[in-house]
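# Notes for the structure review
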Amino acid sequence: MYTSAVFNQDLSDHCLIACTRNGSAVKRPPLITVKRSLKHFNEQAFLINLALVSWKDIDLIPSVEDAWLFFLNAFLTILNKHAPFKKFRTRNRYSPWFSPDLTALNQHKNILWRSALASNCPRDMQLFREVRNQYTQAVRNAKASFFKQKFASCNSNSKKFWDIVKSMENKNTSSQLLTALRIGNSVTTDKPTIIENVNKHFSTAGHAFHLTTPTAFNSTAPPTATRPSLPHFSFSQIHSADVLKELQNLDPYKSAGLDNLDPFFLKLSAEIIATPITSLFNLSFVSSEIHIDWKAAAVIPLFKGGDTLDPNCNRPISILPCLSKVFESQVNKQITNHFESHRTLSAMQSGFRAGHGCTSATLKVLNDIVTAIDKKQYCAAVFIDLAKAFDSVNHHILISRLSSLGFSNDCVAWFTNYFSDRVQCVKSEGLLSGPLAVSMGVPQGSILGPTLFSVYINDVALDAGESLIHLYADDTILYTSGPSLDTVLTTLQMSFNAIQLSFRGLQLLRNTSKTKCMLFNRSLPASARLSSITSLDGSDLEFVDNYKYLGVWLDCKLSFQTHINHFQSKVKSRIGFLFRNKASFTHAAKHTLVKLTILPILDFGDVIYKIASNTLLNKLDAVYHGAIRFVTKAPYTTHHCDLYALVGWPSLHNRRQTHWLQVIYKTLLGKVPPYLRSLVTIAAPTCSMRSSRYISLVTPKANSSFGRLSFQFSAASDWNELQKSLKLETLISLTSFKHQLSEQLTDHCTCT
């Protein structure tokens, strides 16, 4: 119902038009979900029925398709009997703690407010304020009581714990379909149309190279690097004990794929179904065939921010069949063991490899840069980012790569079948799009995907020329140093050209908006106008002073000011949320939240940014102390040494030092990548003194205090200093070393 009026004004010949609308908020319809009902589920009866199936018959079936259908039909028939699908109504209520008593009190408050406005009496207004304050306090108490009971009931259930934390943000955490989508110049709100177009967008995400690159480059396959004859690789039989272990380690809270096999029930029946599943996997090896059900993915769109009408602002979350991931895990173990034992993968590739990580890669790159600056050399880098790299993998090129690495014909045939006939559907809010073929890319969310991508770009590092290169999956840094800036930029340009051609041969498209240059310089004079680094398409790369590389913000001075400021802001935001809801947390929940949400931020890369100035590091100490105050309810005036004693945690300085010395010791044990192991050398005994028998490292020469911050110098120096008190003569286990180290590094209050 609308009410309108027109007001005349003496100062103008225009009239003021007013309109009021009386109405109520539109009530959202309930969300209907379909899932298995466990209301009458009897675990023992379910397992007994499964055990009665003659699973040995699978061994008599020669076809993968028939064997899989036998297993699937038998398992689902029993599962549907004990846990049938049912529709559940999800209430759109973000405040479950809001009781009828609070509703009544709220209505009473509103009545008093209207009465006070009508009477304009101070006594009525005072009465309203009293009830308002009473209502506010009751809401706070109800919310705190509700969540405290929730946290107390979750025990060791981590999923339930985090679901409670997310619900406190008053946000609907489930994935929801876009309410509208821009298609060309029009906008549609029809859900079936939206879901079909989103699926089309996701399935063609890897075609960007073909749409932006001339046909001549599309048809050019990259030459395979010449290498000595490589050892032959063939699949070996999978053992049921390994499959049983994989099934028992499944996360029961993960979603089921399009085959409707929930990991909860697979884990529950692991001991019964491990043997027939193993037979299925081995039959796949023999026939070089993977059933089409294992190659179908359900994709859930997850909005990541930006324009709500743009499909590019959604991230595809792929849900693969659970058993296909179990199978891929076994395959991945075989091929990664082969690659690592024969050193097939590039030494400069740190992505998705055991013992490698973002920290080790960044330590190597920074060591090279710091060492170059210490020698009074110029150093420049190009940070290369690829657009939709995993989705753009050309299957024919990848199969050729595997063949050149010594994979047998049967293995090549298996992987050829693995990539063929892959489909995906978008699934959201009970809707399921039609299947679309996926002809490019490694399967998103798969176990084999990261390893296969590493194989795909393995030869890129060979084209770096005189520059140095390091890869972490699709993140690439190309850097070089030299006595003059012109020489450095010329060398970097030549290497960048070669790397671009290599990526172009792999049909990978560079992300122009995220590919940047940086000149690292602390004291040398810089040119007034830098020579630009140019891409093959003729555009100049932007020189930046800060760049986020593998989660760490690097700046041209290597001061880590930007990185620490970002960390400080991120931690402050999280602590603010915790303090705003502190009444709702139990003490145990507070302790857990800080350990799992605050400390990992402060610990990430701490062995890298530990070289920052004390002024910057003190900023992190301040937020660390705030987190401890949240746990302990200690007043702001409490001394930091007392704060550490209240929770039994070390200072941030000691945490960083502990992590740093553990990295050094892992280097001595050979548990880090070879590129870090090569930077430390154990010193040979020089005399018969007792101290000469202790393990010490050769300290390299450094020309400046900044040079002493390099990994190779600081690792040797800090280890030798530790050995003055630790006095190790032989290497011990990492666990024993951590125990001895904890006794050595204790916080002693030296404050006056």
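Note that the structure is a prediction, hence the values are computed from the model and not measured.

The rules behind each value
- Residues numbered from 1 in each chain as written.
- Predicted model: local features only at pLDDT ≥ 70, side-chain atom pairs only at ≥ 80, totals over all residues.
- Heavy atoms only, no water.
- Phe/Tyr/Trp six-rings, centres within 6.5 Å; stacked < 30°, edge-to-face > 60°.
- Helix = DSSP H or I, 4+ residues; strand = E, 2+ residues; numbered from the N terminus.
- Buried < 20%, exposed > 50% of the residue type's maximum accessible area, 1.4 Å probe, protein only.
- Lys NZ or Arg CZ within 6 Å of the ring centre and 35° of its normal.
- Contact = heavy atoms within 4.5 Å.
- Axes fitted to C-alpha atoms, helices over the stretch in contact; angles between N-to-C directions.
- Parallel < 35°, antiparallel > 145°, perpendicular 65-115°, else oblique.
- Left-handed = near helix turned anticlockwise from the far one by under 90°.
- 1 Å grid on protein atoms, 1.4 Å probe; cavity = no way out; pocket = protein on both sides within 12 Å on 5 of 7 lines; lining within 4 Å.
- Points joined across faces, edges and corners; volume = space filled by probe spheres on them.
- Nonpolar A, V, L, I, M, F, W, Y, C, P; charged D, E, K, R; others polar.
- pLDDT = per-residue confidence, 0-100.
- Pairing = 2+ DSSP bridges.

The next thing to look at is the packing of aromatic side chains. For the coordinates displayed, the defined rule picks out 44 aromatic pairs. On the basis of an interplanar angle of 45 degrees and a centroid distance of 5.4 Å, the ring pair of Phe151 and Phe585 is categorised as tilted. Residue Phe151 is found in helix H4 (residues 122-153), and its partner Phe585 is found in the loop between helix H18 (561-580) and helix H19 (587-603); the two are separated by 434 residues along the sequence. We classify Phe151 as buried; its relative accessible area is 5%. Cation over ring: Lys35 sits above Phe88, and NZ or CZ is 5.1 Å from the ring centre. It is Arg422 that lies over the ring of Tyr418; its NZ or CZ is 4.7 Å from the centre.

As for its placement among the helices and strands, Phe327 is situated in helix H12 (residues 322-341). Linking Phe327 and Thr278, residues 49 residues apart in sequence, is a C-alpha distance of 8.8 Å. Apart from residues lying up to four places away in sequence, Phe327 is in contact with Ile238, Phe281, Ser284, Phe285, Trp294 and Trp414.

The interhelical angle for the contact between H12 and helix H16 (residues 448-456), taken along N-to-C directions, is 30 degrees, at an axis separation of 9 Å. By the criterion of interaxial angle, the relationship of H12 to H16 is roughly parallel. Taken as a pair, H12 and H16 cross one another with a handedness that is left-handed. Within the contact between the two elements, H12 uses Glu328, Val331, Asn332, Ile335, Thr336 and Phe339 and H16 uses Leu448, Thr451 and Val455.

Before going further, it helps to examine the layout of surface pockets. One way to see where empty space is left: roll a probe the size of a water molecule over the atoms. Within this model, the second largest pocket holds a volume of roughly 1300 Å³. In terms of lining residues, the second largest pocket is bounded by 40 residues, among which Ala205, Pro316, Lys388, Ala389 and Asp391 are the most central. Taken together, the elements giving at least two residues each to the lining of the second largest pocket come down to helix H6 (191-203), helix H7 (208-212), strand S7 (296-303), strand S8 (314-319), strand S10 (386-387) and strand S11 (423-428). Here the lining of the second largest pocket gets four residues from one element, more than from any other, and that element is S8. Looking at the lining of the second largest pocket, its residues break down into 18 nonpolar, 13 polar and nine charged.

The next subject is unusual backbone geometry. Backbone geometry at Asn120 places phi at a positive 55 degrees, although glycine is not the residue there. Positive phi values are uncommon outside glycine, yet Leu558 reaches one of about 55 degrees.

Under the definition given, this model contains three cavities of 30 Å³ or more. By volume, the largest cavity is sized at about 100 Å³. Surrounding the largest cavity, 13 residues form its lining, Leu363, Leu366, Ile611, Leu709 and Phe711 being those nearest its centre. When residues of the lining of the largest cavity are traced back to their parent elements, those giving at least two are helix H13 (358-374), helix H20 (606-609) and helix H25 (711-726). Per element, the largest residue contribution to the lining of the largest cavity is four residues, and it comes from H13.

Before going further, it helps to examine the confidence of the model for the protein. Of all residues in the protein, 89% have pLDDT values of 70 or greater, and the mean over the chain is 88. Within the protein, helix H9 (residues 240-248) carries the highest mean pLDDT (96), whereas helix H8 (residues 215-218) carries the lowest (50).

The buried fraction of strand S14 (residues 468-472) amounts to four of the five residues, a majority that puts the element mostly inside the structure. Bridge analysis of S14 against strand S15 (residues 475-482) gives five bridges, and the strand direction is antiparallel. Residue pairing across strands places Tyr472 opposite Asp475, the latter belonging to S15.

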